[in-house]
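Chains, contacts and geometry: an overview
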Amino acid sequence: VRSWLRPRACWSPWIAPAVAALRAGGRTVVAIHIRRGDFLHYGYPVTETGWYVDWLHDLWPTLDRPVLYLASDDLPAVRQAFAAFAPVTVADVAPPWPGLDYLQDFHVLTQADIVGISAASGFSQLAARLNDVASLCVQPDVEAGRIRPFIPWT
């Protein structure tokens, strides 16, 4: 399945710089997707940023030169919550790709060492499944109110 869903070579000028910049900025790339947008209006489960912040506070000291990448459809609403980890976004690491910036986020999620997905998001769930380098994938456990590890293909 991974071989069917590889990015097209012509996309490289927009997606490769983000991963290269993240690798240059740290040893361990942690990419988290926080979905808001229509999730707030249609009653989908919403991932609380506090769950990820608490989880990162425990994880961060164990990582080798970590860099945090945030992907979200509402960065202004979520970025400040992660300020202690100096998060970067697509605007910080890649040239603008108007209208297709979500593909840049998706690509980073497929290349990160640690991937955090958003509750009920097929976007980040698919990215985690296509990631063959991650040592850890995590997701919100809405009932428990926390972040927990998961295996993307199970």
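The notes below deal with the structure included here.

Each pocket or cavity is described by its volume, and for the largest pocket that value is around 350 Å³. Lining the largest pocket are 15 residues, with Leu5, Arg6, Pro7, Phe106 and Leu130 sitting closest to its centre. The leading source of residues in the lining of the largest pocket is helix α6 (residues 101-111), at six residues. Here the lining of the largest pocket is built from residues that sort into nine nonpolar, three polar and three charged. Taken as a whole, the second largest pocket encloses approximately 230 Å³ of empty space. Forming the walls of the second largest pocket are 15 residues, and the residues nearest its centre are Ala71, Ser72, Asp73, Tyr102 and Asp105. If you list the elements that add at least two residues to the lining of the second largest pocket, you get β2 (66-72), α5 (90-93) and α6. Class assignment of the residues belonging to the lining of the second largest pocket gives a composition of seven nonpolar, three polar and five charged.

Here we come to the packing of aromatic side chains. Going through the model one piece at a time under the given rule, you end up with five aromatic pairs. Taking 5.0 Å as the distance between ring centres and 65° as the angle between the ring planes, the aromatic pair formed by Trp60 and Phe85 counts as edge-to-face. Of this pair, Trp60 sits in the loop between α3 (49-59) and β2 while Phe85 sits in the loop between α4 (75-78) and α5, placing them 25 residues apart in sequence. Each of the two residues, Trp60 as well as Phe85, counts as buried. Members of the aromatic cluster, joined through ring pairs, are Trp11, Trp14 and Trp97. Positioned above the aromatic ring of Trp153, the side-chain terminus of Arg129 is 5.9 Å from the ring centre.

Cut-off values and rules
- Here the residue index of a chain counts from 1 through its sequence in written order.
- Side-chain atom pairs in this predicted model are given and counted only at pLDDT of 80 or more, local residue features only at pLDDT of at least 70, and totals for whole chains, interfaces and linings cover all residues.
- Note that the side-chain values use all heavy atoms of the structure and ignore hydrogens as well as water.
- Residues are called lining when one of their atoms sits within 4 Å of a cavity or pocket point, these points coming from a 1 Å grid over the protein atoms alone, where a cavity is a set in which a 1.4 Å probe fits but cannot get out and a pocket is an open set with protein on both sides within 12 Å along at least five of seven lines.
- Grid points are joined across faces, edges and corners, and a volume is the space filled by probe spheres set on the points.
- Segments assigned H or I by DSSP are reported as helices when at least four residues long, segments assigned E as strands when at least two residues long, and all are numbered from the N terminus.
- Under the scheme applied, nonpolar residues are Ala, Val, Leu, Ile, Met, Phe, Trp, Tyr, Cys and Pro; charged residues are Asp, Glu, Lys and Arg; polar residues are all the others, including Gly.
- Between 30 and 60 degrees the pair is tilted, below 30 it is stacked and above 60 it is edge-to-face, where a pair is any two Phe, Tyr or Trp rings, Trp via its six-membered ring, whose centres lie within 6.5 Å.
- Exposure categories follow from relative accessible area, calculated using a 1.4 Å probe and restricted to protein chains: below 20% of the type maximum is buried, above 50% is exposed, and the middle band is partly exposed.
- Any Lys NZ or Arg CZ found within 6 Å of a ring centre and within 35 degrees of that ring's normal is scored as a charge over the ring.

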